[in-house]
Amino acid sequence: MLFPDLLTGFILIICGLLVKQYPNLIAGYNTMSARDREKVDFVKLSTMMRNYLVVIGAIVIIVGIILFLLDIKESLRLLSLSAIVVFGVFIMVFKGQKFTKP
């Protein structure tokens, strides 16, 4: 079934577009003190998160369609698409660390 792959990709893209407009969606932002918020460049962080989430979502959609057309078993498709999301989020988290000032 192709629907879950497309749904996952579109949800990631929508989250990416929303995180730029509403930085409160970034985990931990609304629980930070005002002093801690001054240390983070949220404009650049939200832009980076938007870009990464949109790219991860697009990759999930493209790979999902390719694997569907190649008639790969659903369990292998799920594993590969999950790996793409987890790997992409890990990269996003590590790249996001550079937007925090000491």
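Here's a quick rundown of the structure.

Reading guide: rules and limits
Residue numbering note: each chain is counted from 1, following its sequence as written. Local features in this predicted model are restricted to residues whose pLDDT is 70 or higher, and side-chain atom pairs enter the listing and the counts only when it is 80 or higher, whereas totals over whole chains, interfaces and linings include all residues. Only heavy atoms go into the side-chain values, all of them from the structure, while hydrogens and water stay out. In this description a helix means any DSSP run of H or I spanning at least four residues, a strand means any run of E spanning at least two, and both kinds are numbered starting from the N terminus. Burial here depends on accessible area, computed with a 1.4 Å probe over protein chains only, as a share of the maximum for the residue type. Under 20% is buried, over 50% is exposed, and the range in between is partly exposed. Helices are assigned an expected span. That span is 1.5 Å times one less than the residue count. Any pair of residues with heavy atoms lying within 4.5 Å of one another is described as a contacting pair. Criterion for a salt bridge: a side-chain nitrogen of Lys or Arg within 4 Å of a carboxyl oxygen of Asp or Glu.

**Here's the deal with the environment of Leu69**
So, step 1. Structurally, the position occupied by Leu69 is in helix α3 (residues 42-69).
So, step 2. The exposure class of Leu69 is exposed, given its relative accessible area of 64%.
So, step 3. Between the C-alpha atom of Leu69 and that of Thr47, which follows or precedes it by 22 residues, the distance is 33 Å.

**Considerations on helix α4 (residues 74-96)**
So, step 1. Here α4 is 23 residues long and its end C-alpha atoms lie 32 Å apart, about the 33 Å a rise of 1.5 Å per residue gives.
So, step 2. Buried residues in α4 make contact with α1 (3-21) and α3.

**A word on the pattern of salt bridges**
Where charged atoms from two side chains of opposite charge approach closely, those side chains can pair.
So, step 1. One pass over the structure, following the stated rule, counts 1 salt bridge.
So, step 2. The partner of Arg77 in a salt bridge is Asp5, and the shortest N-O contact between them spans 3.1 Å. Of this pair, Arg77 sits in helix α4 while Asp5 sits in helix α1, placing them 72 residues apart in sequence. Residue Arg77 shares its accessibility class with Asp5, and that shared class is buried.

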